[in-house]
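Residue-level listing of the chains:
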Amino acid sequence: MLPHLSGLSIEVVEQRDGMVVLSGRIRATTARCGRCRQPSSRIHGRYQRRLRDVAVAGMALVLQVQVRRFRCDNTGCPAKTFVEQVEGVTTPHARLTAGPKVTLTQIGLALAGRAGSRLAVVIGSAAGRDTLLRLVKALPDPPQAPITVLGVDDFAFRRGRHYGTVLIDMASHRPVDMFDGRDGDSLAAWLRQHPEIEVICRDRAGGYGEGARLGAPNAVQVADRFHLWQNLGQAVEKTVNAYRSRLASPAPPPADDTMPAQLRQLPELKIVTRLREHHAAVHELASQGWNKSAIARKLGLHHATVRKYLNAATAAELTVVSEQRAPGRRLRRLPAPALERRRTQRHPTVPRNQTPGLSRRRARCPALPAPLSPRPRPRPGPGSETTISAPGDLMDHDPSRPPRSPRRDQAARCPQPRP
Ligand SMILES: [Zn+2]
């Protein structure tokens, strides 16, 4: 029934804790050393091993095998003792036989950690997500065909701080190598070990260009499609911003839409105010005959910043970029009616005082605690200011206003006339 267990002598079969447990020992009387392959029959000791095998009828199958540790008779072998193994059943230190190892590896490849672990429980081969990932990582690298077109680009370990380089086989669109940093020397060293590269498709950083030239002088360097589109988009944005003042004003919004009216009432960003003030100051000084260096010293600006202000005819050409890049600005600018309309359209069943995400999690997992009712915030009573404040602080801090008596204020707020 279980041909892969023919090397074992099964003595007890029992059902225990929802598992089928087979207890036995290994049939062979001798074993070969794992290092020198010399057979030995001198037994050093015995102990029990537990291995999980393929599930039977939906139940986990556990092998409880007594194994022997032999002495190696080869005096030239570095191993003094070794443990016997059964082909197809045991491997050193393993807690799985070959069958479930293959199954769990395929599950890990298809579903990765968490989802694979849930499926493994259902089919009777329970395994944690770390076990599945460890099995996948232990697989040998797939054979790599010669690369003729290589893609080179950078990626962020930590955005803005620390970058690395990823190399892609453009034929299979799979990464072939990664290394720390994005300097040309590392790329040149990698390319020298791969003379088969004919085309290098890279981003437009100068370091990569120099590295490709040194490491593969005969390869053709081309710019990749993403960076061509990115550069085109940047050029269009710069051009449109330069001529923004000549664009026609947008049509007025319909009367029933309250959003534009609310948008106009929002306070201006600090950076926009500063840009507008600097732009006006730079142009004022320039009109008085000041040169760029003098303006830069007078206003404490970099000369390149002064040149940027002078090249912009209006402040709007400078402020539009800052307004577009303000994080979360568009969302925060939505007025309350528009936010409420969006919330009721997307989450019609969620009560107003609940978060949609929390409600979905609670629907999936009923064990989550019920939402707490909002705790009433204590409001200070009429006498609290007198109680918790130092006497000197009870007077108004605004020197332009006449001093008030705190007791007279309390009397004015008290609903009952004082006796
Ligand atoms: Zn040996």
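Residues numbered from 1 in each chain as written. Predicted model: local features only at pLDDT ≥ 70, side-chain atom pairs only at ≥ 80, totals over all residues. Heavy atoms only, no water.

A. The overall build of the protein, seen in detail. The helix and strand inventory of the protein stands at 15 helices and 12 strands. Across the 419 residues of the protein, 27% fall into the buried class. Put simply, 45% of the contacts in the protein that link residues at least 6 apart link residues at least 24 apart. About 29600 Å² of surface is accessible on the protein, with carbon and sulfur atoms providing 54% of the total. (Helix = DSSP H or I, 4+ residues; strand = E, 2+ residues; numbered from the N terminus. Buried < 20%, exposed > 50% of the residue type's maximum accessible area, 1.4 Å probe, protein only. Contact = heavy atoms within 4.5 Å. Areas by Shrake-Rupley, 256 points an atom, 1.4 Å probe, with all protein chains shown as cover.)

B. Layout of the pairing of strand β12 (residues 220-223). Taken together, the 4 bridges between strand β11 (residues 199-202) and β12 define a ladder with parallel strand orientation. Paired with Val199 across the strands is Val220, a residue of β12. Between β11 and its parallel partner β12, the chain crosses via helix α4 (residues 206-215), and the hand of that crossover is right-handed. (Pairing = 2+ DSSP bridges. Right-handed = clockwise from strand over helix to strand, strands pointing away.)

C. Expanded view of the packing of helix α7 (residues 270-287) against helix α9 (residues 303-311). It is at 9 Å that the axes of α7 and α9 come closest, and there the two elements cross at 85 degrees. Looking at the two axes, α7 sits roughly perpendicular to α9. Contacts from Leu275, His278, His279, Val282, His283 and Ala286 in α7 reach Val306, Tyr309 and Leu310 in α9. Within the contact of α7 with α9, the residues separate by chemical class into 6 nonpolar, 3 polar and no charged. (Axes fitted to C-alpha atoms, helices over the stretch in contact; angles between N-to-C directions. Parallel < 35°, antiparallel > 145°, perpendicular 65-115°, else oblique. Nonpolar A, V, L, I, M, F, W, Y, C, P; charged D, E, K, R; others polar.)

D. Up close: unusual backbone geometry. Residue Arg37 is not a glycine yet carries a positive backbone phi of 60 degrees. Judged by its relative accessible area of 48%, Arg37 falls in the partly exposed class. In this structure, His93 takes a positive phi of about 70 degrees despite not being glycine. Tracing the sequence through the fold places His93 in the loop between β7 (81-83) and α1 (98-122). For His93, a relative accessible area of 79% corresponds to the exposed category.

E. Expanded view of the nonpolar core. Counting residues in each nonpolar core, the largest one holds 14 residues, and the members touching the most others are Leu150, Leu191 and Ile200. Elements with a minimum of two residues in this core: β8 (149-158), α3 (184-192) and α4. Grouped together as the second largest cluster of nonpolar side chains are 13 residues, Leu22, Leu51, Val67 and Val89 included. (Core = buried A, V, L, I, M, F, W, Y, C linked by side-chain atoms within 4.5 Å.)

F. Representation of the coordination of the zinc ion within the structure. Those protein atoms acting as donors to the zinc ion are Cys33 (SG), Cys36 (SG), Cys72 (SG) and Cys77 (SG), and they sit at 2.3 to 2.4 Å. With 4 donor atoms in place around the zinc ion and angles of 98 to 115 degrees between them, the coordination shape is tetrahedral. All donors of the zinc ion come from a single chain, and their spacing in sequence reads C-x2-C-x35-C-x4-C. (Donors = N, O, S within 2.8 Å, 3.2 Å for Na, K, Ca; no water. Tetrahedral: all angles 85-135°; square planar, octahedral: opposite > 155°, others 65-115°.)

G. Main features of the sheet that holds strand β9 (residues 162-169). Strands sit in the order β10-β9-β8-β11-β12 across an open sheet of 5 strands; the sheet is mixed. The open sheet has two edge strands, β10 (174-180) and β12, and neither has a second partner. Across the sheet, the mean angle from the axis of one strand to that of its neighbour is 30 degrees, orientation sign disregarded.

H. Main features of the confidence of the model for the protein. Looking at the protein, pLDDT values average 80 and 76% of them are 70 or higher. Residue range residues 394-398 is modelled with pLDDT below 50. Its contacts to residues more than four positions away, or to other chains, number 9 contacts. (pLDDT = per-residue confidence, 0-100.)

I. Quick look at the side chain of Glu84. With respect to the helices, strands and loops of the structure, Glu84 is situated in the loop between β7 and α1. Overall, the relative accessible area of 2% leaves Glu84 in the buried class. A distance of 2.8 Å separates a polar atom in the side chain of Glu84 from the backbone nitrogen of Arg68. (Polar contact = N/O pair within 3.5 Å; in protein donor to acceptor, adjacent residues only side chain to side chain.)

J. The packing of aromatic side chains, seen in detail. Applying the stated criterion across every chain yields a total of 2 aromatic pairs. An angle of 20 degrees between the planes, with centres 5.9 Å apart, marks the rings of Phe70 and Phe82 as stacked. You can see Phe70 sitting in strand β6 (residues 59-71) and its partner Phe82 sitting in strand β7, a full 12 residues away along the chain. Each member of the pair Phe70 and Phe82 is classed as buried. Cation over ring: Arg182 sits above Tyr163, and NZ or CZ is 3.8 Å from the ring centre. (Phe/Tyr/Trp six-rings, centres within 6.5 Å; stacked < 30°, edge-to-face > 60°. Lys NZ or Arg CZ within 6 Å of the ring centre and 35° of its normal.)

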